[in-house]
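Next come the chains, spelled out residue by residue.
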Amino acid sequence: MELYENALVWDDHAGFESRPDANLEQLEGWRKAGVNYLSINAGYDVQPWDNTVKTLASFHRQLSGMTDRYVIVKTVEDIAEAKAAGKLAVTFDIEGMTSLNDSLDMVSMYYNLGVKHMLFAYNLNNSAGGGCHDTDIGLTTFGRDVVEEMNRVGMVVDCSHSAYRTTMEAMEISKDPVVFSHSNPRALVDQGRNIRDEQIKACAATGGVVGINGVELFLGGTTDVEAFVDHVIYTVELVGAEHVGMGLDYFEGEDEIAGLTSRNPAFWPKSEGYVGDIGCMGLDVLPRATELMLERGLSEEDVIGILGGNFLSVAERVWK
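So, a few notes on the structure that sits alongside this text. Because the structure is predicted, anything quoted here is derived from the model rather than measured. (Residues numbered from 1 in each chain as written. Predicted model: local features only at pLDDT ≥ 70, side-chain atom pairs only at ≥ 80, totals over all residues. Heavy atoms only, no water.)

In this structure, Leu27, Trp30, Phe228 and Trp319 are the most contacted members of the largest nonpolar core, which totals 110 residues. When residues no more than four places from it in sequence are discounted, the contact partners of Trp30 are Asp11, Ala14, Phe16, Val35, Leu38, Leu88, Tyr250 and Leu283. (Core = buried A, V, L, I, M, F, W, Y, C linked by side-chain atoms within 4.5 Å. Buried < 20%, exposed > 50% of the residue type's maximum accessible area, 1.4 Å probe, protein only. Contact = heavy atoms within 4.5 Å.)

As structure tokens, then:
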């Protein structure tokens, strides 16, 4: 507990639905669990691009009235200040480039609104590139231009939910470290959302980080913390502890998620296991995950990096 409480605990992706009416009081669950930094998803390809703008407007309004507990951070220095004050540091991310409405100009606008990372496609193809549950078209010309623009403004290139070829091409051309904010190794669970060893190695070669998530389907049908740590350890042994972090994809309300996936079977195909309730590992087990990582032979330095230091290092190199 002492190591956990002293460490910077960084969750690179929240999994609740990105809608303007999403109540951000739920962020208290992360703060009470000892999380110090959280990236909140503000939009994804299931919704039209203007939903992202409306959601960001709502989130900024809500957070402006909660400054005693939460702060939208702009710099890495703001994160340490938030932790010292007992506040949860937050930024935003976007899952899929449909939110750009085919305009490069949207990248800098979103960055100025606190979006610190964005991925290419949410499961299905769009004008930027391929999704992990679709035909792998690779990066389009627009997608390549977006990578260059993200590098220019300081937004982290994120490859989660995207197709193999698309991610490999993105990692080849990005001048900055690239992340998989919330993706698990496919070698342990053969599900299309999980990523291959070659993707993990390519991410590490950019200086990036793979964030392990706690979603039942991607952990092999369980939400046990031991399974989560298995995925952490596998990735550590493959590329080194400095390239592993946490992107828990945590959400509440299994029935809501089940209804969402059943209404949108193209994005969440039944053939990939999106059937019925889908659960996720709770936030309250993070101290136990810390303990298990130590028991599995990781050093305190390794664990501190995985809890948050590694994603912080990426932010230090990329954010502007």
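On we go from here.
Right, let's talk about the packing of helix H8 (residues 197-205) against helix H9 (residues 225-239) for a bit. Running from N to C, H8 and H9 point in directions that differ by 60 degrees, and their axes come no closer than 10 Å. When the interaxial angle is binned, H8 and H9 end up oblique. Between H8 and H9 the crossing geometry is right-handed. Contact with H8, carried on its side by Asp197, Ile200, Lys201 and Ala204, involves Tyr234, Thr235, Leu238 and Val239 of H9 and no other residues of that element. Classifying every residue of the contact of H8 with H9 gives 5 nonpolar, 1 polar and 2 charged. (Axes fitted to C-alpha atoms, helices over the stretch in contact; angles between N-to-C directions. Helix = DSSP H or I, 4+ residues; strand = E, 2+ residues; numbered from the N terminus. Parallel < 35°, antiparallel > 145°, perpendicular 65-115°, else oblique. Left-handed = near helix turned anticlockwise from the far one by under 90°. Nonpolar A, V, L, I, M, F, W, Y, C, P; charged D, E, K, R; others polar.)

Burial analysis of strand S4 (residues 88-95) places 8 of its 8 residues in the buried class, which makes it a mostly covered element. Neither face of S4 is left uncovered, since the one carrying Leu88, Val90, Phe92 and Ile94 and the one carrying Ala89, Thr91, Asp93 and Glu95 both have all their residues buried. With 7 bridges connecting them, strand S2 (residues 37-44) and S4 associate as parallel partners. Pairing of Leu38 across the sheet is with Val90, part of S4. This β-α-β element, strand S3 (residues 70-72) to helix H4 (residues 76-84) to S4, shows right-handed connectivity. Here S4 pairs with strand S5 (residues 115-119) via 4 bridges, running parallel. Note that in S5 the partner of Asp93 across the bridge is His117. Each parallel crossover has a hand, and the one from S4 via helix H5 (residues 105-112) to S5 is right-handed. (Pairing = 2+ DSSP bridges. Right-handed = clockwise from strand over helix to strand, strands pointing away.)

Here the focus is unusual backbone geometry. Most of the time, phi is negative for any residue but glycine, and the peptide bond is trans. You will see that Asn101, though not glycine, has its phi angle at about 55 degrees, which is positive. Within the secondary structure, Asn101 sits in the loop between S4 and H5. For Asn101, a relative accessible area of 41% translates into the label partly exposed. Phi at Asn123 is positive, roughly 70 degrees, even though this residue is not glycine. Mapped onto the secondary structure, Asn123 falls in the loop between S5 and helix H6 (141-153).

A separate point is the pattern of salt bridges. Pairing is possible between side chains that carry opposite charge, provided their charged atoms lie close to one another. Taken as a whole and judged by the stated rule, the model has 13 salt bridges. Residue Asp190 is joined to Arg186 by a salt bridge in which the shortest nitrogen-to-oxygen separation is 2.7 Å. In this structure, the salt-bridge partner of Glu295 is Arg288, at a minimum N-O distance of 3.6 Å. Judged by its relative accessible area of 53%, Glu295 is exposed. The class of Arg288 is partly exposed, set by a relative accessible area of 33%. One salt-bridge network, held together by shared partners, links Glu25, Glu28, Arg31, Asp68 and Arg69. (Salt bridge = Lys/Arg side-chain N within 4 Å of Asp/Glu carboxyl O.)

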